Structures are given as C-alpha cells and as structure tokens.
Amino acid sequence: AHAVAYVIAALRLGWYKVYKPLEFYATYFTVRGGDFDAEAAVKGKAFATRRMMDLKAKGNERSVKEEDAYGSLQVLVEALCRGIEFLPVDLYRSKATRYEPEEGKIRIPFAALKGLGGAAATTLEEAGRQGDYISVDDIGVRAGVGKGVLEMLETSGALEGLPKTSQITFF
C-alpha cells in the first residue's frame, strides 16, 4: 500500500506537469524555490543555462547551497524550454512568498530576491496593497524596510520610474 501511494502521487504530479504546467511550476517553486534564481528566470533560458554550466564546472567542489541552486536551475530551464515565462518582481502585483500565475506567465515573489527575508517580503506585499507609491522613500516608510532591501529592489528593476525622494525642487 505504501508503494502504491507513492505511485499515485507521482501520477498526479505528472498529470499536472503535462496538462497544467503553469500551475505546476508556480506551485513547485513556491514549495521548493529556496534557491530560485530570479535574475536567471527573467533573463531567459540562455542566461540560466550559463549559470548551470558555471556551477557544473565546479564539479565536486560545489557547496550544498550551490548543489541546491543547480537543481533549481534545472527545473527553471525545463520550464523555460516548455515556454513558461517569468515576470519580474512588481511592487504591486508580487506576493510575499508565492509564485502566482498571471496572464499565462509566472510572477516572481519578493522573497525570491537573494537576501530578502520573509518578514520584509510580507511587509512589502501589504504596503503595495495600500496604493501607489510616491517615491522610493515612501516604500521605505510604508513597508518599514531599510536601505539594503531598497537596493535589492532597485537591482531587480522593481523601482524603475520612481523618484528617489518625495521632495519637490523649485529650481
């Protein structure tokens, strides 16, 4: 009975992978996406494959974290090969930790950014629901996040088009 339960679970996973790939990959990365490479997902298959080759070149000298990242990149490249696209982190649409299907693509959550913790991701999601931001400073105040988090958001491209401060210059 135990072996049958494993086979049934594998069949269910296989069915979702074939017939509902968007939902499958969104759920997979939500549950097992600790070492997800958001930059590689947005930049595409060639970039993700290059990252994999860099890790593979290290051979047996890969750390446990790099080994996990390599496995995550394998699933990412598989999704990209199947035509699944990933949307970058968005201040208003991204969730804290869940990868969400959106317009036939998958929206990357705040927590996928390297170094951004769960608490900061949750406050960013809640602050984004309150309405539009006036400036980068406004994000820091409303979400209660520091300079390091704001730099991560800037690096990911999430702050494009926002002025740095809420100050108005007259001259």
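So, here's what we can say about the structure. Source: prediction; values computed, not measured.

## Comments concerning the overall build of the protein chain
And then number 1: Helix and strand counts for the protein chain come out as eight helices and three strands.
And then number 2: Traced from its N-terminal end to its C-terminal end, the protein chain shows the element sequence α-α-α-α-α-β-β-β-α-α-α.
And then number 3: Each principal axis of the C-alpha distribution contributes one length, and for the protein chain these read about 70 × 35 × 25 Å.
And then number 4: Counting only residues that meet the buried cut, the protein chain has 39% of its 171 residues in that class.
And then number 5: For the protein chain, contacts bridging at least 24 residues in sequence account for 54% of all contacts bridging at least 6.
And then number 6: For the protein chain, the accessible surface area stands at approximately 10,600 Å², while carbon and sulfur atoms represent 56% of it.
And then number 7: On the protein chain, the mean spot of the 23 positive side-chain charges and the mean spot of the 23 negative ones are 5 Å from each other.

## A look at helix α7 (residues 136–143)
And then number 1: Those residues of α7 not exposed but buried are V136, D138, I139, G140 and A143.
And then number 2: Contacts from the buried residues of α7 go to α6 (118–128) and α8 (147–156).
And then number 3: You can read the cap of α7 off the contacts: a side-chain oxygen lies 3.4 Å from the backbone nitrogen of D137, and it is on S135.
And then number 4: Positive backbone phi, at 65 degrees, marks G144, one or two positions downstream of α7.

## Some details on α6
And then number 1: When we look at burial in α6, the residues that qualify are A120, A121, L124, E125, A127 and G128. Angular distribution of buried residues about the axis of α6 spans 165 degrees; they occupy a single face of the element.

## Examining the sheet that holds strand β1 (residues 86–87)
And then number 1: Across the sheet, three strands lie side by side as β1-β3-β2; this open sheet has mixed pairing. The open sheet has two free edges, formed respectively by β1 and β2 (100–102), since each of these has just one partner strand.
And then number 2: Contacts from helix α2 (residues 21–32) reach β1, β2 and β3 (105–107), with the element oriented near 25 degrees to β3.

## As for the packing of helix α1 (residues 2–19) against α2
And then number 1: In the contact formed by α1 and α2, the axes pass within 5 Å of each other and the chain directions differ by 120 degrees. Relative to α2, the element α1 is oriented oblique. Taking contact as the criterion, the partners of L13, Y16, K17, V18 and Y19 in α1 are, on α2, P21, F24 and Y25.
And then number 2: Among the residues forming the contact of α1 with α2, the class breakdown is seven nonpolar, no polar and one charged.

## As for the side chain of S135
And then number 1: Secondary-structure assignment places S135 in the loop between α6 and α7.
And then number 2: Given a relative accessible area of 0%, S135 falls into the buried group.
And then number 3: Polar side-chain contacts of S135 include one of 3.4 Å to the backbone nitrogen of D137.
And then number 4: Apart from the residues lying within four places of it in its own chain, the contact partners of S135 are L162, P163, K164, T165 and S166.

## Description of the pattern of salt bridges
And then number 1: Under the defined criterion, the tally for this structure stands at 14 salt bridges.
And then number 2: Ionic pairing is found between K58 and E66, a salt bridge with its closest N-O pair at 2.4 Å.
And then number 3: A salt bridge links R98 to E100; its shortest N-O distance comes to 2.2 Å.
And then number 4: In this structure E100 comes out as buried when scored by relative accessible area, which is 17%.
And then number 5: Shared partners join several salt bridges into a network, and the residues in it are D37, E39, K43 and R51.

Rules and cut-offs
Residues numbered from 1 in each chain as written. Predicted model: local features only at pLDDT ≥ 70, side-chain atom pairs only at ≥ 80, totals over all residues. Heavy atoms only, no water. Helix = DSSP H or I, 4+ residues; strand = E, 2+ residues; numbered from the N terminus. Buried < 20%, exposed > 50% of the residue type's maximum accessible area, 1.4 Å probe, protein only. Contact = heavy atoms within 4.5 Å. Areas by Shrake-Rupley, 256 points an atom, 1.4 Å probe, with all protein chains shown as cover. Lys, Arg positive; Asp, Glu negative; His and termini not counted. Charge placed at Lys NZ, Arg CZ, Asp CG, Glu CD. Polar contact = N/O pair within 3.5 Å; in protein donor to acceptor, adjacent residues only side chain to side chain. Arc of directions from axis to C-beta. Pairing = 2+ DSSP bridges. Axes fitted to C-alpha atoms, helices over the stretch in contact; angles between N-to-C directions. Parallel < 35°, antiparallel > 145°, perpendicular 65-115°, else oblique. Nonpolar A, V, L, I, M, F, W, Y, C, P; charged D, E, K, R; others polar. Salt bridge = Lys/Arg side-chain N within 4 Å of Asp/Glu carboxyl O.

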